[in-house]
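Residue-level structural notes
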Amino acid sequence: MAVDVNGELRKFTWRIEYFSSIEDKKHYSEIFYVGGKKWRLLIFPKGNGVDYFSIYVDVADSATLPEGWSRYAQFRITVVNQIKRKFSITKDTRHEFKAKENDWGFTSFLPLSELHDPKRGYLVNDACLVEVDISTDRNIDLESHELIVEAASDKLKSKEADCGKAAIDNQKTLITKPEEITTPSPAILVAPAVLSSPGQDKTIEPEDPTEEDADTFFTSLESELASSYIVSSQEEAKEALAKIEEALNMAPANFYDSWKFSPLKKAFKILSNFDCSSTITDEQKTELLAMEENLKELPDRVAKAVQDRNLLTEKESIKLTLTHNLERSLVKFKEAKAEGEQVEQKIAALQEQVDEAEKNKESILTEQKEIFRISKELKMELEALGKELPEYEAKAKVAEEEEKTVEAEWGRMKDLISSLKEKI
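In this report, the structure presented in the accompanying data block is examined. (Residues numbered from 1 in each chain as written. Predicted model: local features only at pLDDT ≥ 70, side-chain atom pairs only at ≥ 80, totals over all residues. Heavy atoms only, no water.)

Helix and strand counts for the chain stand at 9 helices and 10 strands. Within the chain, buried positions represent 33% of all 424 residues. Carbon and sulfur atoms provide 54% of the accessible area of the chain, an area that totals close to 27400 Å². (Helix = DSSP H or I, 4+ residues; strand = E, 2+ residues; numbered from the N terminus. Buried < 20%, exposed > 50% of the residue type's maximum accessible area, 1.4 Å probe, protein only. Areas by Shrake-Rupley, 256 points an atom, 1.4 Å probe, with all protein chains shown as cover.)

Here's what the structure looks like:
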């Protein structure tokens, strides 16, 4: 049973009946809600690879959660000592739960040898009592919230306090039928203690009780009441069958989502306590009670089917996305290839121009070399001429004087002829 404080803080109590007959490696509690999410307890009755009682908090619907989901939770798990509650084992931790990291807890919670020791008080009438206080609010101090139900201070006489020991001495091993009950509410715990012995009406007055005495009495009383056999009426059996029929009219997936198994457990218990010899054959009753195990198994099978189907859908979606990406990559590759070919053509055309320019450059260089050679020869001739020029200048000056002398002589000769001509 779950006790809700504010939606994000809850106490859940799980009474595991017929503990020693549980054969499954894993065993789950019913679902309870904290912070708007489904949670449950997970135990390994024979230990999770160790010789210890292993207990974990589990996200019940992790198979349907989206990728990247996470939820913080802090929790405190207690295996209740049903003889002396103060000797109960309590461990606490906190964890960031994820869709693929959906359980967290304690692999080595309690040695199996101590758990199964009848003197220890952890198994009474083959029932184990596990409590969890859990919060999904980071601002809540789990230690500051008194969620654990405490016994009243009224002392009971030693006869009632010794009921726990008597319960141990009368343990019975039955078929595994795990069931959840709650620790007695505070209203009950503080009520006056009036008990009657068989065959007489006698009021037992409390006298200075200790908390240990009260815890011992009420925990033992709880075990005795839970294990008592009550014959169900025909009307109760009809109502139980109607509830089972209502559940079977649901689709398995809806049955899993709504988690209708809690009231069905009560219905199956009613049918198991119903004297049906006059209306139902033993074979039908056996088949009916076997249906309980099938209905307990169906949610996990549906969850696995949903998980596989969702996984296929996810993989198909990834495949489609990858295919689209590959198609786009192919188009881009073709476009890049065509553009590359255009660039290669431009490079080829430019290469031709470069080759032509290289030829022109070679021709120009050859011409430059020829001009350099000629120019160098001309310069050498010029330099040689420069050395000869003074000599030629001197000769030219002499020649100029000679020309003047010749012209003067020439003129005299001309004048002479002219004068002779006039005389003749």
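This model, assessed by the stated rule, comprises 14 salt bridges. A salt bridge links K11 to D133; the shortest N-O distance between them is 3.3 Å. Remark: D133 occurs in strand β10 (residues 128–135) and K11 occurs in strand β2 (residues 9–16); sequence separation between them is 122 residues. With its nearest N and O atoms 2.9 Å apart, the salt bridge here joins E17 to R15. Side by side, E17 and R15 carry an identical accessibility label, which is buried. (Salt bridge = Lys/Arg side-chain N within 4 Å of Asp/Glu carboxyl O.)

The topology assignment puts L42 in strand β5 (residues 37–44). Along the chain, L42 and S54 lie 12 residues apart, while their C-alpha atoms are 8.3 Å from each other. Leaving out residues up to four positions away in the same chain, L42 has contacts with K26, H27, Y28, S54, I55, Y56 and D58. (Contact = heavy atoms within 4.5 Å.)

Next up on the list: helix α6 (residues 234–248). Across its 15 residues, α6 extends 21 Å between first and last C-alpha, which sits within 8% of the 21 Å expected from 1.5 Å per residue. When we look at burial in α6, the residues that qualify are A237, A240, I244 and A247. Axial view of α6: buried residues confined to an arc of 85 degrees, hence all on one face. Residues E235, E239, E245 and E246 are exposed on α6 and point more than 90 degrees away from its buried face. (Expected span 1.5 Å × (residues − 1). Arc of directions from axis to C-beta.)

Note that every value here comes from positions in space, so none of it alone points to a role or purpose.
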